[in-house]
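The primary structure of each chain is shown beneath.
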Amino acid sequence: MKDLVVGLGRKFVAILFILSVLISPAKVVAQSESGSVGLEGRVTASAPTVAPVITEPKTNSHFKESPTTVSGTCESDLLIQIFINEVFSGSVMCEDDKFSIEVDLFSGDNKIVARTYDNLDQAGPDSNVVTVFLDIVSGDLKMTSDYARRSVNPKEILTWPVSVSGGSSPYAIHVDWGDGRDSLKSVLTTGEFTLEHTYLYSGIYKVVARAVDIDGSRAVLHLVAVSKGTLTAPNSDTTSKEAKTVVLWVPMVVFIVFMVLTFWLGVRYERRRSE
């Protein structure tokens, strides 16, 4: 009988090991659905392979005012980042295989490039290069950031470092956070400042920051904010994609039946061996 118990114990441990291998690298997490076991794991994937295409503006176009709109085609659900003269100028999600975003131009020539990034921040190939010209001498008021996309948990404070340059200080910064709320901030000098916001619900939000200096010059910066978790935001400008993780729900009753059945088969096997 002792050998039987020991043998069953070994089989039970082996079963648990096999289960852990099958779901690796998943891990058990606190579940929000009653009667289920939550398994969460990171999904690995190849970087994007299809380059976006800038269709507007046309290369060699001339403008007498800024900002202007850059639009084109892309793979849906990827993040599009726009760079002008190798300076980050804004980001937006690709939706329905299209993107459109306002960007500020520099006085003189502007080499515009679009780059795609997936949910793992893997970059895809660059788009075509479009060169346009801003035919006015301005104060080149610009906003930029080291972060095209930032994530936060719902009801926690999202902080976003942004830099302003050019123009004439002080600056008034207006931010539309994409969830029906906005904020105003006064910035006294050029350089980096921090924007803060708290999202109440999960989702992917379009953030638009606009700056105005004392002379009336304007700048715009589009960004993407991710409030993590199951998407629940009502009446907000969000997309329905989960970033970086996939959750598999296994009904608890199935899990229990499987374990009991396996244990019972082990008992029968050991009994036959001992006969």
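Residues numbered from 1 in each chain as written. Predicted model: local features only at pLDDT ≥ 70, side-chain atom pairs only at ≥ 80, totals over all residues. Heavy atoms only, no water.

Let's talk about the pairing of strand β18 (residues 203-213)
Of all the 11 residues making up β18, 8 are buried; the element is thus mostly covered by neighbouring parts of the structure. For strand β15 (residues 171-176) and β18, the ladder comprises 6 bridges, and the chain directions are antiparallel. Pairing of His174 across the sheet is with Arg210, part of β18. As defined by bridge partners, β18 adjoins strand β19 (residues 218-227) across 10 bridges and the pair is classed as antiparallel. In the strand pairing of β19, Val208 is matched with His222. The hairpin formed by β18 and β19 contains 4 residues between the paired strands, and Gly216 there has a positive phi angle of roughly 95°. (Buried < 20%, exposed > 50% of the residue type's maximum accessible area, 1.4 Å probe, protein only. Helix = DSSP H or I, 4+ residues; strand = E, 2+ residues; numbered from the N terminus. Pairing = 2+ DSSP bridges.)

What to know about the packing of aromatic side chains
Taken as a whole and assessed by the stated rule, the structure comprises 2 aromatic pairs. Considering the side-chain rings of Tyr199 and Tyr205, the 4.2 Å spacing of their centres and the 20° angle between planes classify their relative orientation as stacked. Both residues of the pair, Tyr199 and Tyr205, count as buried. In this structure, Arg150 packs its charged tip against the face of Tyr147, placed 4.2 Å from the ring centre. (Phe/Tyr/Trp six-rings, centres within 6.5 Å; stacked < 30°, edge-to-face > 60°. Lys NZ or Arg CZ within 6 Å of the ring centre and 35° of its normal.)

Some thoughts on the confidence of the model for the chain
Mean pLDDT over the chain stands at 77; residues scoring 70 or higher make up 67%. The model gives residues 11-42 a pLDDT under 50, and that stretch makes 50 contacts with residues more than four places away or in other chains. The model gives residues 235-263 a pLDDT under 50, and that stretch makes 59 contacts with residues more than four places away or in other chains. (pLDDT = per-residue confidence, 0-100. Contact = heavy atoms within 4.5 Å.)

Some remarks on the state of the cysteines
Simply put, the disulfide is a covalent bond whose two ends are the sulfur atoms of two cysteines. Under the criterion given, the structure shown has 1 disulfide. Bridging Cys74 to Cys94, the disulfide has an S-S length of 1.9 Å. Taking the sign of the torsion about the S-S bond as the criterion, the disulfide between Cys74 and Cys94, at about 95°, is right-handed. With Cys74 in the loop between β5 (68-73) and β6 (79-84) and Cys94 in the loop between β7 (87-93) and β8 (98-103), this pair connects stretches of sequence that are 20 residues apart. (Disulfide = S-S within 2.5 Å.)

Things to note about the nonpolar core
Grouped together as the largest cluster of nonpolar side chains are 32 residues, with contacts concentrated most on Met143, Ile173, Phe193, Leu195 and Tyr199. Listed by contribution, the elements that provide at least two residues to this core are β6, β7, β14 (157-165), β15, β17 (191-198), β18 and β19. Among the elements that line this core, the one with the most residues is β19, at 6 residues. Met143 has contacts with Val162, Ser163, Val164, Ile173, Phe193, Ala209, Arg210, Ala211, Ala219, Val220 and Leu221, leaving out every residue within four places of it along the chain. (Core = buried A, V, L, I, M, F, W, Y, C linked by side-chain atoms within 4.5 Å.)

Examining the pattern of salt bridges
One pass over the structure, following the stated rule, counts 8 salt bridges. Between Asp140 and Lys142 there is a salt bridge; the shortest N-O distance is 3.6 Å. A residue is classified by how much of its surface remains accessible, and Asp140, at 24% relative accessible area, is partly exposed. Using a relative accessible area of 11% as the deciding quantity, one classes Lys142 as buried. (Salt bridge = Lys/Arg side-chain N within 4 Å of Asp/Glu carboxyl O.)

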